[in-house]
Amino acid sequence: MGLVGPGFVGAHHIDAVRRLGFVDVVAIAASSDASARRKADALGVPKAYGSFEALVADPDVHVVHNTTPNHLHVPVILAALAHGKHVISDKPLAMTAADARMLLDAANKAGVVHAVTFNYRGNPLVQQAREMIAGGELGPVHFIHGAYLQDWLLEATDFSWRLEPEKGGESSAVADIGSHWCDLVQHVAGRRIVEVLADLTTVIDTRLKPSTSSEAFARSGDAAREAVAVRSEDLASILLRFEGGAKGSLSVGQVCAGHKNGLWFEMNGRQASVRWLQERQNELWIGRRDAANAVLAKDPSLLAPSARSYAHLPGGHQEGWADAFCNVMRDIYGFIAAGKRPGDPRPPAFATFEDGYHSACVVDAILESHRRGAWTSVGETVVARR
Ligand SMILES: NC(=O)c1ccc[n+]([C@@H]2O[C@H](COP(=O)([O-])OP(=O)(O)OC[C@H]3O[C@@H](n4cnc5c(N)ncnc54)[C@H](O)[C@@H]3O)[C@@H](O)[C@H]2O)c1
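Here is what the cut-offs are and how they apply
Residues numbered from 1 in each chain as written. Predicted model: local features only at pLDDT ≥ 70, side-chain atom pairs only at ≥ 80, totals over all residues. Heavy atoms only, no water. Helix = DSSP H or I, 4+ residues; strand = E, 2+ residues; numbered from the N terminus. Buried < 20%, exposed > 50% of the residue type's maximum accessible area, 1.4 Å probe, protein only. Contact = heavy atoms within 4.5 Å. Areas by Shrake-Rupley, 256 points an atom, 1.4 Å probe, with all protein chains shown as cover. Lys, Arg positive; Asp, Glu negative; His and termini not counted. Charge placed at Lys NZ, Arg CZ, Asp CG, Glu CD. Near = heavy atom within 4 Å. Polar contact = N/O pair within 3.5 Å; in protein donor to acceptor, adjacent residues only side chain to side chain. Nonpolar A, V, L, I, M, F, W, Y, C, P; charged D, E, K, R; others polar. Arc of directions from axis to C-beta. Pairing = 2+ DSSP bridges. Axes fitted to C-alpha atoms, helices over the stretch in contact; angles between N-to-C directions. Salt bridge = Lys/Arg side-chain N within 4 Å of Asp/Glu carboxyl O. Core = buried A, V, L, I, M, F, W, Y, C linked by side-chain atoms within 4.5 Å.

*Asks:* Got a sec to walk through the overall build of the protein? Specific residues and values, please.
*Replies:* In terms of helices and strands, the protein carries twelve helices and 17 strands. With respect to the principal axes defined by its C-alpha atoms, the protein has extents near 65 × 50 × 40 Å. Looking at the protein as a whole, 54% of its 386 residues are labelled buried. For the protein, contacts bridging at least 24 residues in sequence account for 68% of all contacts bridging at least 6. Surface exposure of the protein reaches about 15,800 Å², of which carbon and sulfur atoms provide 52%. Of the charged side chains in the protein, 39 are positive and 43 negative, and the gap between their average positions amounts to 3 Å.

*Asks:* Help me get a handle on the site of the ligand, residues and values and all.
*Replies:* Residues in close proximity to the ligand total 27 residues, the closest being N70, D90, K91, N119 and R162. F8 is positioned such that a nitrogen or oxygen atom in its backbone is 2.9 Å from an oxygen atom of the ligand. In this structure, D90 approaches the ligand through a side-chain N or O atom, which is 2.8 Å from a nitrogen atom. When the free accessible area of the ligand is taken as 840 Å², the share hidden by the protein chains comes to 86%. Elements that contribute at least two residues to the shell around the ligand include exactly α1 (8–20) and α8 (173–189). Grouping the constituent residues of the shell around the ligand by class yields twelve nonpolar, ten polar and five charged.

*Asks:* Break down helix α2 (residues 33–43) for me, with residues and values.
*Replies:* Inspection of α2 places S35, A36 and A40 among the buried residues, and these make up the whole buried set. Viewed along the axis of α2, the buried residues span an arc of 130 degrees, placing them on a single side of the element. Counted as exposed and oriented over 90 degrees from the buried face of α2: A34, R38, D41 and A42. The inward-facing, buried residues of α2 abut β2 (27–29) and β3 (47–49). G44 sits one or two positions beyond α2 and adopts a positive phi of about 70 degrees.

*Asks:* Pulling in residues and values, what's your account of the pairing of strand β15 (residues 283–287)?
*Replies:* Across three bridges, strand β14 (residues 273–277) lies against β15 in antiparallel orientation. Residue V274 lies in a different strand from β15, and its bridge partner there is I286. Connecting β14 to the antiparallel partner β15 that follows it, the hairpin turn spans five residues. As defined by bridge partners, β15 adjoins strand β16 (residues 294–297) across four bridges and the pair is classed as antiparallel. Bridged to L284 within β16 is L296. Here β15 folds back onto β16 in antiparallel fashion, the turn holding six residues.

*Asks:* How would you explain the sheet that holds β2 if you had to name every residue and give the values?
*Replies:* Strand-to-strand pairing in sheets goes through backbone hydrogen bonds, with the strands running parallel or antiparallel. Spatially, six strands are ordered β3-β2-β1-β4-β5-β6 in an open sheet, and the strand pairing comes out parallel. Either end of the sheet is taken by a strand with one partner, and the two such strands are β3 and β6 (114–116). Across the sheet, the mean angle from the axis of one strand to that of its neighbour is 15 degrees, orientation sign disregarded. When strand β5 (residues 86–89) meets β6, the two strands line up parallel, connected through three bridges. Residue pairing for β6: I88 is matched across the bridge by A115. With respect to the sheet, α2 is in contact with β2 and β3, its orientation differing from that of β3 by roughly 155 degrees. Across the sheet, helix α11 (residues 353–372) lies against β5 and β6, angled at about 45 degrees from β6, the strand it touches most.

*Asks:* Tell me about the sheet that holds strand β13 (residues 262–269), and name the residues and values.
*Replies:* Ordered by their spatial adjacency, nine strands build an open sheet running β16-β15-β14-β13-β7-β12-β11-β8-β17, and the pairing between neighbours is mixed. At either end of the open sheet lies a strand with only one pairing partner, and these are β16 and β17 (376–377). Where strand β8 (residues 193–201) meets strand β11 (residues 235–242), eight bridges bridge the pair, whose relative direction is antiparallel. Counted as the bridge partner of D199 is S237 from β11. Strand contacts of helix α6 (residues 124–134): β7 (141–149), β13, β14, β15 and β16, with the helix running at about 30 degrees to β15, the strand carrying the most contacts. Running over the sheet, α8 touches β7, β8, β11, β12 (247–253), β13 and β14 and is turned about 30 degrees from β13.

*Asks:* Hey, could you go over the pattern of salt bridges for me, with residue numbers and the actual values?
*Replies:* Per the stated rule, a full pass over the model turns up 22 salt bridges. For R37, the salt bridge identified is with D41, shortest N-O distance 3.0 Å. With R37 and D41 both in helix α2 and four residues apart, this pair spans about one turn of that helix. Given the relative accessible area of 34%, R37 is considered partly exposed. A relative accessible area of 52% means that D41 is categorised as exposed. A salt bridge links D355 to R121; the nearest nitrogen and oxygen atoms lie 3.6 Å apart. Residue D355 is found in helix α11, and its partner R121 is found in the loop between β6 and α6; the two are separated by 234 residues along the sequence. With respect to burial, D355 and R121 carry one shared label: buried. Salt bridges sharing partners connect three or more residues here, namely R121, D183, R192, R346 and D355.

*Asks:* Account for the nonpolar core, naming residues and giving values.
*Replies:* Counting residues in hydrophobic clusters, the biggest one holds 81 residues, and the most contacted among them are L55, I144, W181, I238, M267, W276 and F353. Per-element tally for this core: the top contributor is α8, with ten residues. Once residues lying within four places of it in the same chain are set aside, the contact partners of L55 are G2, L3, V4, A27, I28, A29, Y49, V61 and V64. Listed in part, the 27 residues of the second largest apolar core include L20, A115, F325 and I332.

Given below as structure tokens:
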């Protein structure tokens, strides 16, 4: 594999792929020769390129990972597809649904394997919840709700390219982390979000941008700063309607003190409920009306067969974020190594550009709903813009 954009999440892509044991990490590309060499040496990667065009042309690279800031996703992915390489992109696939659709069409035309790292799908208890719903244990699900809250953008001195629309897109918090939550609950419930009603807020509308960029979650100690106006949202309240009639709600924020990676969802059915918290990911809460509630521990011997393969340690041995990320890579690379074709049935933690496109449609609909102050259908805005 070769990776373009060796920043915060890029290092975790490399770590996850190395743990598979049957993939060679051969090259990385950064924005200059010097930074690429520095990062390659730090990560123990043999080849370093100062441009993504050079990496995608390397015949030793069969799979291109894209972990660049959002505005580079389109050119990096198109370049990889033009060379017939399989592409694993981080989310959001693109900054607009129209661009995501264009990438999906280009990937289908190229006939290569395409994937988006919606990595929370790789948690064993997420797969357990999905299996329980598919098997009817909850009964028909009528309410799907939760939140994704962080605090790393709480101070006016906190800054990220995510807050600059030309680099991150029109949406900030919703595209950045709301996209994870929406993909996750749709995956678990097996039904898509069809309508949204959104109220977006910019709590910190002036930020002090440091003169040098810093990675996500890192504090910049740089003293030279420039005051910049921020227009994209750092807080969002969203009502949801799902296929089949289930209702839902989502809170998203990156300015919520005390929440580090506070993703959680709850689903209420006519017979039972489930709740999963990313920060306590080795437990699944099961709620019942006429029997005691339960907390199912991540223990392979207690999980449904389809969820068991995502747990690698016995009960009581905690697994975490990086293990779930590795599970996603195992699903994708297992598919590639088996010589499967893009349309073949694929394992559940493997999200494709189609999922990335649908996710971008949800984000576009949320932005449009906020502008109009009205319920907005997912997909409506894409059709209008194409
Ligand atoms: N799946 C997840 O949980 C997760 C977590 C964090 C970020 N992400 C996504 O991953 C992507 C990267 O986010 P990040 O937080 O790692 O950002 P980052 O800023 O830490 O890293 C981006 C890297 O890209 C490099 N880069 C910039 N221009 C480049 C160019 N022209 N060619 C090659 N490299 C270039 C930067 O130098 C930096 O090393 C984003 O799309 C983000 O949404 C996903």
